[in-house]
Structure formats: structure tokens, C-alpha cells
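A look at the structure
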Amino acid sequence: AEKYTSQQTLRQRLAETDVSLEVRLERDFASARGGILADALGYGKTACTIALVAETAGEALHDELSVGDWVAVAARRVLTNATLVVAPPNLFDQWLKEIQKFVDPSACLRVLPVANHGKLKTLTVADFVAVDIVLVSFRLFFSEAYQRYFDELCMPGLKVYSEESVKKREDFLKQRKVGGAASGRGRGGRRGASASASTTTAAAEPSAAATAAAGGSAGGLQ
């Protein structure tokens, strides 16, 4: 990376006067890679990031490597100019909309959205190499299917999850779902029985009153 100079100006007004003390700081960095965009909410962090990606889309990673580095790196990694964006699930669709909003169609910025492991399984290396932005929901990295798939890619033949344990887990989840539904029906049945008992008791009360009234009438006749 090229040399980078950071400039910062600090200004402080002196008491109730019109005089201000100003200090200017400059820091030289021999190399600068990466950074943190930590503006407050609503200050356009997404728009700034998209603008940076669009501005540098024409800069090829291959130009940064020497011939010797190219051979060494390409033997171990898949080289791509794509920018990886890992977004929270609730902001995944918003990122797609923001890219369409802020990037002119003439820029031809190619985006590959990967919302879940099912989508990932349908893609090839060529799909990732051919785009400018790979948008991923971070929920993908916590899915059991992705973790199992990742382990198998890293160490072929490794069975972190045996087929038997996977089947047991699926059976357990099915039983819990069935049990929950049955429990819900049972609670509904008990509520219905209680309501019926209350109705029966209420209906029986007039009969007792009628009996008392009949007794009173009989006493009067006597």
C-alpha cells in the first residue's frame, strides 16, 4: 500500500474572547490496510462503503502481486476482486436496496447475495470470482449444515456429525413438535371440560331453587 498521511485539526476557543487555539496534527503511515468506519447511526456508513467498493472495482488484486507471489498465493487460495459484506439478517435486504439506490447502473456492479446454506450449495468458485460484491447473512455461519459442510471441505473424510447422531436429532425434534401439539390439544380439552362442568353446575342451581320454592309452597298449603 502507498504511504498515507492522516491530518487532524483541534480547535479550542479561549474563554469569552474571539481568540482560538488551533493545533494541527499530521501522522505518516508507511502502509495502511483496512480500517473502521464508526460513524453514528444515520450518517451514511452503508453509502460510504458502497461508494468505496464502486470506486475501486476496477483495481485488480492481480496487479498487487508479483509473479512469484502470484504462483505461491494462487496455489493455496482462490483469488477474487470481490468485496465480502457480512450483514445482520435484518439488514440483508436493505443492503441490496442500498446498492441499487446509490450505484449507477452504468457502473455494472455485480452482486451475489448468499442468504443461507441452501443458496451457497448451488454456487461454484466461478460465481464468486465473477462478481464485485458477495453479500452474506452472518446467520449462515451459525447454521449446523454450514458448519458440517465446512468441516468436510477442510478435512475430507472427517465425520464430525455421524449420520446416526443427525437422525437422532431429527427424530427428537419431530417428537418434540408432535408432543407440543398434543399438549396444546390436551389443554384445550381440559378447558372445554371445565367450561362444561361450570355450565352443568349453573344449570343445576335453578333446580335446587325450584325445590326450595316447592317446599315453601307445600308448607303454606299445610
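See above for the structure.
Quick notes on the rules
- Residues numbered from 1 in each chain as written.
- Predicted model: local features only at pLDDT ≥ 70, side-chain atom pairs only at ≥ 80, totals over all residues.
- Heavy atoms only, no water.
- 1 Å grid on protein atoms, 1.4 Å probe; cavity = no way out; pocket = protein on both sides within 12 Å on 5 of 7 lines; lining within 4 Å.
- Points joined across faces, edges and corners; volume = space filled by probe spheres on them.
- Helix = DSSP H or I, 4+ residues; strand = E, 2+ residues; numbered from the N terminus.
- Nonpolar A, V, L, I, M, F, W, Y, C, P; charged D, E, K, R; others polar.
- Core = buried A, V, L, I, M, F, W, Y, C linked by side-chain atoms within 4.5 Å.
- Buried < 20%, exposed > 50% of the residue type's maximum accessible area, 1.4 Å probe, protein only.
- Pairing = 2+ DSSP bridges.

By volume, the second largest pocket amounts to about 630 Å³. Elements that contribute at least two residues to the lining of the second largest pocket include exactly strand 3 (83-87), helix 5 (125-129), strand 5 (133-137) and helix 6 (144-154). For the lining of the second largest pocket, the element with the most residues is helix 6, which contributes 4 residues. Among the residues forming the lining of the second largest pocket, the class breakdown is 16 nonpolar, 3 polar and no charged.

Grouped together as the largest cluster of nonpolar side chains are 11 residues: I50, V53, V85, A87, F92, W95, I99, V103, L109, I133 and L135. When contributions to this core are tallied by element, the ones reaching two or more residues are helix 1 (45-55), strand 3, helix 3 (92-102) and strand 5. With 3 residues, helix 3 is the single largest residue contributor to this core. V114, L123, V134 and V136 belong to the second largest nonpolar core, which has 9 residues in total.

Turning our eyes to something else, we now look at the pairing of strand 2 (residues 20-29). Sheet analysis places strand 1 (residues 4-13) next to strand 2, joined by 10 bridges and oriented antiparallel. The partner of Q7 across the bridge, within strand 2, is E26. Connecting the antiparallel pair strand 1 and strand 2 is a turn made up of 6 residues, with A15 showing a positive phi of about 50 degrees.

On to the environment of V23. Looking at where V23 falls in the secondary structure, it is placed in strand 2. Separated by 13 residues in sequence, V23 and L10 have C-alpha atoms that sit 5.1 Å apart.

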